[in-house]
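Close look at the chain arrangement
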Amino acid sequence: MSFPFVPNPSPVSAQERAGRLVDPGFGRVFTDHMATLRWSEAAGWHDGRICARAPFQIDPASAVLHYAQEIFEGLKAYRLDDGALALFRPEQNARRFQRSARRLAMPELPEDLFLQSIEALVRADADWVPGQEGGSLYLRPFLIASEVFLGVKPASEYLYVVLASSAGSYWKGGARAISLWVSHDYTRAAPGGTGEAKCGGNYATSLVAQQEAIRRGCDQVVFLDAGERRWIEELGGMNIFFVFADGTIRTPPLAGTILPGITRDSILALARAEGLRVEEEPYAIADWRADAESGRLTESFACGTAAVVTPIGRVAGPDYGFTVGTGATGQVTQHFLDRLTAIQRGRAPDAHGWVQRIG
Ligand SMILES: *Cc1c(COP(=O)(O)O)cnc(C)c1O
């Protein structure tokens, strides 16, 4: 057993927990436990456990606090209609975590340890999965450089942690279309950089652009490529899709600067299986605008684990603005939201073998 269970001696009472689960929102309600595991050059991966979630001591000279050697993942546990708990393609998160580790010069956590840590934590905190429609347990594995050293080099010690957080339904009362600000000043990732790694640093540098989007009255920022500022890449934390009047769906190709989303990959697989024409091709911001205005483009949506599928209603840049389709959730967007959530909840056939029940 790589993650022995050391129960929290003073867990939250059932009554208090029920109160917190009424409207948990996202990322604020945490469970009683967490998974931890250490790595050192001498011992490799060791000292794994599921233990009480609590603050831990960290030396102020820990490398992560200075040079941001950190990676993370995000996935959800869902309750199926038959009561069992299930994960959606967790082995994909495990593999992406390994690729992110490689890019940040960190040790690669073996896939089976990643999966064991997640499953053991979900089992320990199964009571924290909200019962309401659309509720889930959001899991946040991360790895930090814990070596105490101010020299710049890959650390020789790391700490792996998994947190679990109760999440309410993202789309209470149906999906709402969001507005996007096109950042022409800031970029998210450059060729050769860390765009395809899931690391905190990518988010740190996206915040000022997100702030600008809010100041401009938009919900989220969409980034262009760093070289030409011409090609649409993705949002700060979601991939993007375009739907055309002829039925084609398109998403930018994974060419090193875009995070390879598991939701993105799942939508591509569903669309191909449905016989839709699917393109992983670059799309220019000027074309997006012209096609939206001409009606050649009918819908656009963003996608990621948290909201699954998010319709895009309006797009604005420094000296332009346009509406996508009707400005509301389109049919194809709604279709992929419905299909993916139905598979995740065990309400539709799982032809691709994506749903992993937790025994
Ligand atoms: C996590 C993430 C996504 C979405 O990935 P999923 O696996 O679908 O959750 C997209 N873009 C960025 C930048 C991300 O960090």
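Rules and cut-offs
Residues numbered from 1 in each chain as written. Predicted model: local features only at pLDDT ≥ 70, side-chain atom pairs only at ≥ 80, totals over all residues. Heavy atoms only, no water. 1 Å grid on protein atoms, 1.4 Å probe; cavity = no way out; pocket = protein on both sides within 12 Å on 5 of 7 lines; lining within 4 Å. Points joined across faces, edges and corners; volume = space filled by probe spheres on them. Helix = DSSP H or I, 4+ residues; strand = E, 2+ residues; numbered from the N terminus. Domains from an automatic or database assignment. Near = heavy atom within 4 Å. Polar contact = N/O pair within 3.5 Å; in protein donor to acceptor, adjacent residues only side chain to side chain. Areas by Shrake-Rupley, 256 points an atom, 1.4 Å probe, with all protein chains shown as cover. Sits in = over half its atoms within 2 Å of the grid points. Axes fitted to C-alpha atoms, helices over the stretch in contact; angles between N-to-C directions. Parallel < 35°, antiparallel > 145°, perpendicular 65-115°, else oblique. Left-handed = near helix turned anticlockwise from the far one by under 90°. Contact = heavy atoms within 4.5 Å. Nonpolar A, V, L, I, M, F, W, Y, C, P; charged D, E, K, R; others polar. Phe/Tyr/Trp six-rings, centres within 6.5 Å; stacked < 30°, edge-to-face > 60°. Buried < 20%, exposed > 50% of the residue type's maximum accessible area, 1.4 Å probe, protein only. Lys NZ or Arg CZ within 6 Å of the ring centre and 35° of its normal. Disulfide = S-S within 2.5 Å. Pairing = 2+ DSSP bridges. Salt bridge = Lys/Arg side-chain N within 4 Å of Asp/Glu carboxyl O.

Let's talk about the layout of surface pockets
In this model, the largest pocket occupies a volume close to 1100 Å³. The wall of the largest pocket is formed by 46 residues, among which F26, Y138, Y203, G237 and A306 lie closest to the centre. The element contributing the most residues to the lining of the largest pocket is helix α5 (residues 200-215), with five residues. The residue makeup of the lining of the largest pocket includes at least three contributed by each of domain 1 (14-167) and domain 2 (178-344). In this structure, the second largest pocket spans a volume of roughly 350 Å³. If you go around the second largest pocket, you meet 22 residues; those closest to its centre are G134, S169, W171, L337 and T341. If one sorts the elements of the lining of the second largest pocket by residue count, helix α8 (residues 331-344) sits on top with six residues. Summarising the domain contributions, the lining of the second largest pocket has at least three residues from each of domain 1 (14-167) and domain 2 (178-344).

Quick word on the site of the ligand
The immediate surroundings of the ligand are formed by 15 residues, with K198, Y203, E234, T263 and T305 found nearest. T263 is positioned with one of its side-chain polar atoms (N or O) 2.6 Å from an oxygen atom of the ligand. Here an oxygen atom of the ligand and a side-chain polar atom of T305 are 2.6 Å apart. In the complex, 96% of the free accessible area of the ligand, which totals 390 Å², lies under the protein chains. Judged by its atoms lying within 2 Å of the grid points, the ligand is housed in the largest pocket.

Describing the packing of helix α3 (residues 90-103) against helix α4 (residues 111-124)
Interaxial distance between α3 and α4 falls to 9 Å at its minimum, and their mutual angle equals 125 degrees. Comparing their axes, α4 and α3 come out oblique. The chirality of how α3 crosses α4 is right-handed. Here α3 contributes P90, E91, N93, A94, R95, F97 and Q98 to the contact with α4, which in turn contributes E111, F114 and L115. Residue composition of the contact of α3 with α4, grouped by class: five nonpolar, two polar and three charged.

Focus: the packing of aromatic side chains
Considering all chains together, one arrives at 13 aromatic pairs under this definition. Here F301 and F336 contribute two aromatic rings whose centre-to-centre distance is 6.2 Å and whose plane-to-plane angle is 40 degrees, an arrangement assigned as tilted. Residue F301 is found in strand β15 (residues 297-304), and its partner F336 is found in helix α8; the two are separated by 35 residues along the sequence. Each member of the pair, F301 together with F336, is buried. Put simply, the rings of F242, F244, Y283, W288 and F322 touch in pairs and so form one group of aromatic residues. Looking at R17, its charged tip hangs above the ring of W128, at a distance of 5.8 Å from the centre.

Some points on the state of the cysteines
Across all of its chains, the model carries zero disulfides by this definition. Looking at the unpaired C303, the closest cysteine sulfur is the one in C199, lying at 19 Å.

Looking at the pairing of strand β3 (residues 44-52)
Every regular strand shows the same layout, with side chains that alternate between the two sheet faces. For strand β2 (residues 33-40) and β3, the ladder comprises seven bridges, and the chain directions are antiparallel. Residue pairing for β3: W39 is matched across the bridge by W45. Counting the residues that bridge the hairpin from β2 to β3 gives three residues.

Quick notes on the pattern of salt bridges
Between side chains of opposite charge, a pair can form as their charged atoms come close. Counting across every chain of the model gives 22 salt bridges. We note a salt bridge from D82 to R357, for which the minimum N-O separation is 2.8 Å. You can see D82 sitting in the loop between β5 (75-79) and β6 (85-88) and its partner R357 sitting in strand β18 (residues 355-357), a full 275 residues away along the chain. Taken together, the shared-partner salt bridges connect D81, E133 and R347 into one network.

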